[in-house]
Amino acid sequence: MIEMRAASAPPLAIFNAVNTFDPGEAEDEVARIFCPHRLTPSRRGAPDFHAIHNTARFDGFSINFVAYGAEVEIDPGKLDRFFLLQVPLTGSATVKCGTVQVAASPDTASLLSPTLPTLMTWREGCEKLIVLIDRNVVESHLSALLDRHLDHVEFDANVPLSGVVGAAIRSHVMLMQDAANRSLALPAGTGRLVQRELRNGLVGLLLTGVAHDRSAMLAAPVPAPAPAHVKRAEDFLRANPDREINVVELAAIAGVSLRALQDGFKRFRNTTVTEAIRDARLAYWRKLLQAPPEGAGVGTLAIAAGLTHLGRAAALYARRYGETPSETLRRNRRMG
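Quick caveat, the model's predicted, so the values are computed rather than measured.

Analysis parameters
Residues numbered from 1 in each chain as written. Predicted model: local features only at pLDDT ≥ 70, side-chain atom pairs only at ≥ 80, totals over all residues. Heavy atoms only, no water. Pairing = 2+ DSSP bridges. Helix = DSSP H or I, 4+ residues; strand = E, 2+ residues; numbered from the N terminus. 1 Å grid on protein atoms, 1.4 Å probe; cavity = no way out; pocket = protein on both sides within 12 Å on 5 of 7 lines; lining within 4 Å. Points joined across faces, edges and corners; volume = space filled by probe spheres on them. Axes fitted to C-alpha atoms, helices over the stretch in contact; angles between N-to-C directions. Contact = heavy atoms within 4.5 Å. Phe/Tyr/Trp six-rings, centres within 6.5 Å; stacked < 30°, edge-to-face > 60°. Buried < 20%, exposed > 50% of the residue type's maximum accessible area, 1.4 Å probe, protein only.

Visitor: Account for the pairing of strand β10 (residues 117-122), with residues named and values stated.
Guide: As judged from the 5 bridges shared by strand β5 (residues 72-78) and β10, these two strands associate in the antiparallel manner. Across the sheet, K78 pairs through a bridge with P117, a residue of β10.

Visitor: Explain empty space enclosed by the protein to me, using residue names and the numbers behind them.
Guide: Applying the stated rule across the entire model yields 2 cavities of 30 Å³ or more. One number sums up the size of the largest cavity: a volume of about 140 Å³. Considering the residues around the largest cavity, the lining is formed by 15 residues, among which V30, F34, I74, L84 and M120 are closest to the centre. Of all the secondary-structure elements, those providing two or more residues to the lining of the largest cavity are β5, β6 (82-90) and β10. Empty space within the second largest cavity amounts to approximately 30 Å³.

Visitor: Quick rundown of the sheet that holds strand β2 (residues 38-41)? Include the residues and the values.
Guide: Here we have 5 strands laid out as an open sheet, ordered β2-β5-β10-β7-β8, and antiparallel in their pairing. Across the chains shown, the open sheet's two edge strands, defined by having one partner strand only, are β2 and β8 (100-104). The average undirected angle you get between the axes of adjacent strands in this sheet is 15°.

Visitor: Give a detailed account of the sheet that holds strand β9 (residues 108-112), specifying residues and quantitative values.
Guide: Spatial strand order, β1-β3-β4-β11-β6-β9-β12: 7 strands in an open sheet with antiparallel pairing. Both outer strands of the open sheet, β1 (16-20) and β12 (158-160), are each paired with one neighbouring strand and no more. Strand-to-strand twist across the sheet, computed as the mean angle between neighbouring axes with direction ignored, equals 20°. Across the sheet, helix α2 (residues 135-146) lies against β6 and β11 (127-134), angled at about 60° from β11, the strand it touches most.

Visitor: Tell me about the packing of aromatic side chains, and please be specific about residues and values.
Guide: To describe a pair of aromatic rings, you give the distance between the ring centres and the angle between the ring planes. Scanning the entire structure with this criterion turns up 7 aromatic pairs. Both rings, one in F83 and one in F155, keep their centres 5.7 Å apart while their planes meet at 90°; by these two values the pair is edge-to-face. Within this pair, whereas F83 is found in strand β6, its partner F155 is found in the loop between α2 and β12, the two being separated by 72 residues in sequence. We note that F83, like F155, is buried. Following the ring pairs from residue to residue traces out a cluster consisting of F49, Y68 and W122.

Printed below as a string of structure tokens:
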């Protein structure tokens, strides 16, 4: 096993955000950087606990060094807004994401997807470099690769750092750490460009080198790009998710006959126009559930998203997002 850091100043020390011996304070401060979670030291009184979190934030991602000293359990539930690539520098951790359990070490990273529940135990002495990537960055990159809009992707959480892909991922993360340390010396425009290219390079590595639920789509022969009228219809649905519209009206907005629009969706998206409208409403419902107005319930928000058959919509939602609408609402009310 490779131990990647000797005892010295921690990585990214110039970006220190948390330095505390108090588990409660650490939980609150790290939550502001990542997301709300439960942090529980394994030993009563946490005698060896010392939380350090250094974070360098850039456009669409951050690179972080995190250590807790003592053994701790971390329960963030679903991350929702971001992906998290965790590369242990020293020590080990058990990471469960969805149904996959990872024995994380300097030889094995973990990759957490925002739509899957996560539970972790960091062993005493575990230190990690963690790259947080905004969810929309990853999903937009994948959508561009596939020439179609996708609103979620779920990775295999187990990422061995041996072999060609694993070594490339490890090297890229270390390069991102080095670039972050040097970023303060660069002109603002140049620094942003460098960081954006590094971010996109890592996202490309993860999408093409790590298994996920869209891998088969990426491996398939590259199809012809969808025609403009299909993209116009998709763009309209994404921009106007709360507008009541039927297939005939959508065809008119796309500038083609209904038959042409139906043929386009069937050939290039393997779906129907009706299903495309429904999927746009499901995505909008999820957005409302993730930022619910005070007092609004699941049914009220479903109607606001144009979904009038609640039972059928809830079943489709659970199949698409891996949780019920009530679970999404309850978790985001708790986080708020």
